[in-house]
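# Structure assessment
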Amino acid sequence: MKYRNLGTTSEKLSALGLGCMGMSFAYGPTDDKESLATLEKALDLGINFWDTADMYANGANEALISKVLVPNRNKVFIATKFGFRFTDGIAGPSSATGTYFDGSPAWMKVAVEQSLKRLRIDTIDLYYAHRVDPNIPIEETVGAMADLVREGKVRYLGLSEASVASLRKAHAEHPIAALQSEYSLLTRDVENGILQTTRELGISLVPYSPLARGLVTNTLDVNILAEDDFRRTLPRYQQENITGNNRLIAEFAALAGTKGCTPAQLALAWVLAQGEDIIPIPGTKKRKYLEDNVGAIEVELTGDDLTAVDELIRRYPITGERYSEGAMKMVNH
Ligand SMILES: NC(=O)c1ccc[n+]([C@@H]2O[C@H](COP(=O)([O-])OP(=O)(O)OC[C@H]3O[C@@H](n4cnc5c(N)ncnc54)[C@H](OP(=O)(O)O)[C@@H]3O)[C@@H](O)[C@H]2O)c1
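These lines cover the structure that appears in this document, whether it is placed above or below. Not measured: the values here are computed from a predicted model.

What counts and how
- Residue positions within a chain follow its written sequence, with the count starting from 1.
- The model is predicted, so local features are restricted to residues of pLDDT at least 70 and side-chain atom pairs to those at 80 or more, both for listing and for counting; the totals for chains, interfaces and linings are taken over all residues.
- Side-chain descriptors were evaluated using all non-hydrogen atoms of the structure, hydrogens and water having been removed beforehand.
- Numbering of helices and strands starts at the N terminus; helices are DSSP runs of H or I of at least 4 residues and strands are runs of E of at least 2.
- For the radius of gyration, the atoms used are the C-alpha atoms, and the globule rule reads 2.2 Å times the number of residues raised to 0.38.
- Any residue under 20% of the maximum accessible area for its type is buried, any over 50% is exposed, and the rest in between are partly exposed; the area is computed with a 1.4 Å probe on protein chains only.
- What makes two residues a contact is simply this: any of their non-hydrogen atoms within 4.5 Å.
- What sets the accessible areas is the Shrake-Rupley method with a 1.4 Å probe; for residues, cover comes only from the shown protein chains.
- Only four residue types enter the tally: Lys and Arg on the positive side, Asp and Glu on the negative side; His and the chain ends are excluded.
- By convention, the charge on Lys lies at NZ, on Arg at CZ, on Asp at CG and on Glu at CD.
- For helices, the fitted line uses only the C-alpha atoms of the stretch in contact; every axis is such a line through C-alpha atoms, and the angle between N-to-C directions lies from 0 to 180 degrees.
- The crossing is said to be left-handed when, going from far helix to near helix, the turn is anticlockwise and less than a right angle, and right-handed when the turn is clockwise.
- Three residue categories are used. Nonpolar comprises Ala, Val, Leu, Ile, Met, Phe, Trp, Tyr, Cys and Pro, charged comprises Asp, Glu, Lys and Arg, and polar comprises the others, including Gly.
- Using a 1 Å grid laid over the protein atoms alone, points where a 1.4 Å probe fits but cannot get out form a cavity; open sets with protein on both sides within 12 Å along at least 5 of 7 lines form a pocket; any residue with an atom within 4 Å of a point counts as lining.
- Grid points are joined across faces, edges and corners, and a volume is the space filled by probe spheres set on the points.
- Pairing of aromatic rings covers Phe, Tyr and Trp, the last through its six-membered ring, and needs centres within 6.5 Å; plane angles under 30 degrees mean stacked, over 60 mean edge-to-face, and all others mean tilted.
- For two strands to be treated as a pair, DSSP must find at least two bridges joining them.
- The definition of a right-handed crossover adopted here requires that, viewed with the strands pointing away, the path from the first strand over the helix to the second runs clockwise.

## Let's talk about the overall build of the chain
Along its length, the chain carries eleven helices and eleven strands. Rg of the C-alpha trace for the chain: 19 Å, near the compact-globule value of 20 Å for 333 residues, within the 12% margin. In terms of principal-axis extent, the alpha carbons of the chain reach across some 50 × 40 × 40 Å. Looking at the chain as a whole, 58% of its 333 residues qualify as buried. For the chain, long-range pairs separated by at least 24 residues make up 75% of all intrachain contacts whose partners lie at least 6 apart in sequence. For the chain, the accessible surface area stands at approximately 13500 Å², while carbon and sulfur atoms represent 50% of it. Each charge class in the chain was averaged separately, 36 positive and 43 negative side chains, and the resulting centres sit 2 Å apart.

Next up, the structure:
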């Protein structure tokens, strides 16, 4: 494993983290036994940066992870998030009816206690606001998060899908160590000012969905997704877009073949090659995928390789937004 620094700190995080969401939420049937084995495998592979959130299956993901986290507390840098709430108490995706965002200090104080309890730890290493609440000044949210640092409940602060303006205001209130936003070769929104800003401020970018939620792996068949699979709500995975998008994916897989690696490895190597300040968190609930993904660390991409990927994306542009209209309204505040 290779390691990268968190922001300007001396914390060494594995260059590839582990996204744990799918172990409990969003991507079809779960298998706790295999998920726990995957977490153990992550420890063996030196993957020390694990990502969860209180909303993933309404806390069940944090509780699941705690089973491997607690006995290995000093080996894992754990990140979790707060802010999404459910009117009916049932966890749904960010755009579902009944899901809303609450970045208020009052809710954060409740949420952090619940996360600590479910994770069964005293301190969260990295605590993110899962979105920026457009109804609350970001300084208020981050000011309250900074209190948690002073109280020893949290070590570092992060934001997710924040705008340039919010990043600047937040960072002036208290140092922000990481911005977690969607970034992959199919979702490049952060290249439009965000990445320049995180670099200027010394904030790590933690790309989520670096495999485009499985699309770039050339193994995803949208026709057989479970009824409640979150990707069924996302435009880019709909039938009207998927035929065209699959053409891009097939070409991408062929390109990976010429490099002697899998499409997942090429996609992750591409994200890793965007800068040392970038620490992607590919998600999986399976050991075999985790092992595949770790292989990306050894894939060296030349300037010509990066150009070849760019050309492919220009030739077969991705169609369909990354989120539904409702969920898009919640990003970039
Ligand atoms: N801040 C936010 O708003 C936000 C939003 C979304 C996600 N996240 C975080 O980011 C993490 C990663 O994102 P993500 O899970 O959405 O998307 P992702 O990492 O782009 O893709 C995950 C999907 O790819 C599949 N996969 C993984 N490795 C594979 C491989 N080598 N070959 C074939 N398929 C493979 C997984 O299958 P299996 O599930 O079958 O293993 C899963 O369906 C999440 O776990 C979560 O912690 C944050």
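There is more to say, and it comes next.
## Examining the packing of helix 3 (residues 105-119) against helix 4 (residues 138-150)
Direction vectors running N to C along helix 3 and helix 4 enclose 35 degrees, while the axes themselves pass 9 Å from each other. For the element pair helix 3 and helix 4, the recorded crossing hand is right-handed. Residues Pro105, Met108 and Val112 of helix 3 form the contact with helix 4, whose participating residues are Glu140, Thr141, Ala144, Met145 and Leu148. Within the contact of helix 3 with helix 4, the residues separate by chemical class into six nonpolar, one polar and one charged.

## Looking at the layout of surface pockets
One number sums up the size of the largest pocket: a volume of about 1000 Å³. Lining the largest pocket we find 48 residues, and of these Tyr27, Arg213, Gly214, Arg231 and Gly283 sit closest to its centre. Among the elements of the structure, helix 8 (263-272) and helix 9 (287-294) are those that each provide at least two residues to the lining of the largest pocket. In terms of residues, the lining of the largest pocket owes the most to one element, helix 9, which gives three residues. Reported here for the second largest pocket is a volume of approximately 250 Å³. For the second largest pocket, the lining is made up of 14 residues, of which Lys2, Arg4, Leu272, Ile297 and Val299 are closest to its centre. Secondary-structure elements contributing two or more residues to the lining of the second largest pocket are strand 1 (3-5) and helix 8. Classifying every residue of the lining of the second largest pocket by side-chain character gives nine nonpolar, one polar and four charged.

## Focus on the packing of aromatic side chains
Applying the stated criterion across every chain yields a total of seven aromatic pairs. Relative to Tyr56, the ring of Phe25 lies with its centre 6.0 Å away and its plane at 25 degrees, an arrangement referred to as stacked. Placement of Phe25 in the loop between strand 3 (18-19) and helix 1 (32-44) and of Tyr56 in the loop between strand 4 (49-51) and helix 2 (60-69) is noted, with a sequence separation of 31 residues between them. Tyr56 matches Phe25 in its accessibility class, with the two residues each being buried. Consider the rings of Phe230 and Tyr323, whose centres lie 6.5 Å apart with planes at 55 degrees: the pair is tilted.

## Some points on the pairing of strand 8 (residues 124-129)
Taking burial as the measure, the six residues of strand 8 include six buried ones, the bulk of the element. Bridge analysis of strand 5 (residues 77-82) against strand 8 gives four bridges, and the strand direction is parallel. Across the sheet, residue Thr80 finds its bridge partner in strand 8, namely Tyr127. Strand direction decides the pairing type here: strand 8 and strand 9 (residues 154-160), joined by five bridges, are parallel. Note that in strand 9 the partner of Leu126 across the bridge is Tyr156. With respect to chirality, the unit in which strand 8 leads through helix 4 into the neighbouring parallel strand 9 is right-handed.

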